[in-house]
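Letter by letter, the chains look like this.
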Amino acid sequence: MRFLTTEVPWPYPPDGAKSYLQELALPAMEAGKEWHWSIREQGAPERLIGVISLKDKANNNRGFWIDPAFQGRGFATEASVAVTDYWFEVLQRPLLRVPKAVANLPSRQISERLEMRVIDSYESDYVSGRLKTELWELSREEWRAFRASGL
């Protein structure tokens, strides 16, 4: 949770998920500016283990969270591949940009696996405080070459 941006209220209020969906996510989806998916295990689709989102927002196009009990098992990578395909192939966007805390090593490793590159470094506010942040980028052409190589 320490790498959540300050856009997320913390401590998380009891009605936080409901109000987020009603007041922010659904209106943004209806406006065609955001896309949100739940992440679930194939063998237990009734259990929510994470969320991944795309946003038509400058320098912040993809974000996700995974329940700590399910981290390190490939769910975020699999979901990132799927939504990155959606970003480039369905939405036809030319660039994907993703900010992340430098200290968030698992998230950085996903960007490295997907052959993204760091294009900027700055500080941002997270629920755990002000942290060094990197902005990662990938072009549609780079993504298509990466996918053609076998992932």
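Residues numbered from 1 in each chain as written. Predicted model: local features only at pLDDT ≥ 70, side-chain atom pairs only at ≥ 80, totals over all residues. Heavy atoms only, no water.

A.B. asks: Any chance you could explain the overall build of the protein here in plain terms?
C.D. replies: A tally of helices and strands in the protein yields four helices and six strands. Reading the secondary structure of the protein in the N-to-C direction produces α-β-β-β-α-β-α-β-β-α. At 15 Å, the protein has a C-alpha radius of gyration in line with the 15 Å of a compact globule built from 151 residues. In terms of principal-axis extent, the alpha carbons of the protein reach across some 45 × 35 × 35 Å. For the protein, with 151 residues in total, the buried portion stands at 37%. Considering only residue pairs separated by 6 or more positions, the protein has 52% of its internal contacts joining residues 24 or more positions apart. Carbon and sulfur atoms form 53% of the exposed surface of the protein, whose accessible area is close to 8900 Å². Computed over 20 positive and 21 negative side-chain charges, the inter-centroid distance for the protein is 1 Å. (Helix = DSSP H or I, 4+ residues; strand = E, 2+ residues; numbered from the N terminus. Rg over C-alpha atoms; globule rule 2.2 N^0.38 Å. Buried < 20%, exposed > 50% of the residue type's maximum accessible area, 1.4 Å probe, protein only. Contact = heavy atoms within 4.5 Å. Areas by Shrake-Rupley, 256 points an atom, 1.4 Å probe, with all protein chains shown as cover. Lys, Arg positive; Asp, Glu negative; His and termini not counted. Charge placed at Lys NZ, Arg CZ, Asp CG, Glu CD.)

A.B. asks: How should the environment of Ala69 be read in this particular structure?
C.D. replies: Take Ala69: it is sitting in the loop between strand S3 (62–66) and helix H2 (75–90). For the pair Ala69 and Ile49, spaced 20 residues apart in the sequence, the C-alpha separation amounts to 8.5 Å.

A.B. asks: Help me understand the layout of surface pockets, please; the structure alone is not making it clear to me.
C.D. replies: Think of a ball as big as a water molecule: rolled over the atoms, this probe shows where empty space is left. Its boundaries defined by the atoms lining it, the second largest pocket holds a volume of some 240 Å³. Taken together, Trp37, Ser38, Ile39, Arg40, Gln42, Ile52, Phe75, Glu78, Ala79, Ala82 and Val83 form the lining of the second largest pocket. Counting only elements with at least two residues in the lining of the second largest pocket, the list comes to strand S1 (34–41) and H2. Sort the elements by how many residues they give to the lining of the second largest pocket and H2 lands first, with five residues. (1 Å grid on protein atoms, 1.4 Å probe; cavity = no way out; pocket = protein on both sides within 12 Å on 5 of 7 lines; lining within 4 Å. Points joined across faces, edges and corners; volume = space filled by probe spheres on them.)

A.B. asks: What should I look at first to understand the pattern of salt bridges in this one?
C.D. replies: As a working rule, side chains carrying opposite charge can pair if their charged atoms are close by. Tallied over the entire structure, the rule returns 12 salt bridges. Arg73 is the salt-bridge partner of Glu41, the closest N and O atoms lying 3.1 Å from each other. Taken together, the residues span a long stretch of sequence, with Glu41 in strand S1 and Arg73 in the loop between S3 and H2 at a distance of 32 residues. Accessibility expressed as a relative area gives 23% for Glu41, which makes it partly exposed. With a shortest N-O distance of 2.9 Å, Glu134 and Arg108 are connected by a salt bridge. Of the two residues, Glu134 is situated in strand S6 (residues 129–139) and Arg108 in helix H3 (residues 105–113); the sequence distance between them amounts to 26 residues. Grouping residues by exposure puts Glu134 and Arg108 together as buried. One salt-bridge network, held together by shared partners, links Arg97, Arg117, Glu137 and Glu142. (Salt bridge = Lys/Arg side-chain N within 4 Å of Asp/Glu carboxyl O.)

A.B. asks: Before we go on, may I ask you to explain the pairing of S6 in this structure?
C.D. replies: The two faces of a sheet get side chains in turn, since along a regular strand they alternate between them. In terms of strand pairing, strand S4 (residues 95–101) meets S6 through seven bridges, oriented antiparallel. Residue pairing in the sheet places Leu96 in a bridge with Leu138 of S6. Hairpin geometry of strand S5 (residues 117–126) and S6 is characterised by an intervening segment of two residues between the two adjacent antiparallel strands. (Pairing = 2+ DSSP bridges.)

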